[in-house]
Amino acid sequence: QVQLVESGGGLVQPGGSLRLSCAVSGVTFSWYTMSWYRQTPGKERELVAAIASTSGSTSYADSVKGRFTISRDNVKNTVYLQMNSLKPEDTAVYYCHARRFQGYWGQGTQVSVSS
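Here's a quick rundown of the structure. (Residues numbered from 1 in each chain as written. Predicted model: local features only at pLDDT ≥ 70, side-chain atom pairs only at ≥ 80, totals over all residues. Heavy atoms only, no water.)

## Overview of the state of the cysteines
Two cysteines joined by a covalent bond between their sulfur atoms form a disulfide.
Here is step 1 of the chain: By the definition in use, this model includes 1 disulfide.
Here is step 2 of the chain: A disulfide bridge connects Cys-22 with Cys-96, and the sulfur atoms are separated by 2.2 Å. What sets the handedness of the Cys-22 and Cys-96 disulfide is the S-S torsion sign, and at about -85° it is left-handed. Taken together, the residues span a long stretch of sequence, with Cys-22 in strand E3 (residues 18-25) and Cys-96 in strand E9 (residues 92-99) at a distance of 74 residues. (Disulfide = S-S within 2.5 Å. Helix = DSSP H or I, 4+ residues; strand = E, 2+ residues; numbered from the N terminus.)

Here's what the structure looks like:
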């Protein structure tokens, strides 16, 4: 059974930082491209960042470039999203996604940026 379990969300003030984690089980983690998405009410889920399975190359949405960093630990089967200089518009539910021939989603973790 494939499981993706996110953690690390919460409430933070503008300018603050959070680190999200997504622990993956049930698949060979190193074979999978890992991504973080986010969604706010009434809007489509949007891709925030992705990291390739073998090369480790990364890509980011323009809105988070220079502030967010995605990384992975293929020993711990975990992907991370370091979020710095957070803005109120970063408020969303953040989802972890694993993709190879098919995709799997985590349950999401709420990130709220507010003073």
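Here the narrative resumes, following the displayed structure.
## Description of the packing of aromatic side chains
Here is step 1 of the chain: Enumeration over the complete set of coordinates arrives at 3 aromatic pairs.
Here is step 2 of the chain: Each ring, one from Tyr-32 and one from Tyr-104, has its centre 6.3 Å from the other, and the planes form 50°; the classification is tilted. Within this pair, whereas Tyr-32 is found in the loop between E3 and strand E4 (33-39), its partner Tyr-104 is found in strand E10 (residues 103-105), the two being separated by 72 residues in sequence.
Here is step 3 of the chain: For the pair Tyr-95 and Trp-105, a centre-to-centre distance of 6.3 Å together with 90° between the ring planes defines the contact as edge-to-face. Linking Tyr-95 in strand E9 with Trp-105 in strand E10, this pair joins segments that are 10 residues apart in sequence.
Here is step 4 of the chain: Through a chain of ring-to-ring contacts, three or more aromatic side chains come together here, namely Tyr-37, Tyr-95 and Trp-105.
Here is step 5 of the chain: The ring of Tyr-80 has Arg-19 lying over it, and the distance from NZ or CZ to the ring centre is 4.0 Å.
Here is step 6 of the chain: Its end group placed over the ring of Trp-105, Arg-45 keeps NZ or CZ at 4.5 Å from the ring centre. (Phe/Tyr/Trp six-rings, centres within 6.5 Å; stacked < 30°, edge-to-face > 60°. Lys NZ or Arg CZ within 6 Å of the ring centre and 35° of its normal.)

## Things to note about unusual backbone geometry
Both trends apply: most residues other than glycine have a negative phi, and most peptide bonds are in trans.
Here is step 1 of the chain: A positive phi angle, near 55°, is found at Asn-77, a position not held by glycine.
Here is step 2 of the chain: Note that Asn-77 resides in the loop between strand E7 (68-73) and strand E8 (78-83).

## Topic: the pattern of salt bridges
Here is step 1 of the chain: Enumeration over the complete set of coordinates arrives at 4 salt bridges.
Here is step 2 of the chain: Across the pair Asp-62 and Lys-65 runs a salt bridge whose closest N-O atoms are separated by 3.2 Å.
Here is step 3 of the chain: Of the charged contacts, one joins Asp-90 and Arg-67 as a salt bridge, the two residues approaching to 2.8 Å between their closest N and O atoms. A residue pair is termed long-range when its members are at least 10 positions apart, and Asp-90 in the loop between E8 and E9 and Arg-67 in the loop between strand E6 (58-60) and E7 qualify at 23 residues.
Here is step 4 of the chain: Exposure remark for Asp-90: the relative accessible area of 0% places this residue in the buried category.
Here is step 5 of the chain: What emerges from the salt-bridge pattern is a single network uniting Arg-38, Glu-46, Arg-67 and Asp-90. (Salt bridge = Lys/Arg side-chain N within 4 Å of Asp/Glu carboxyl O. Buried < 20%, exposed > 50% of the residue type's maximum accessible area, 1.4 Å probe, protein only.)

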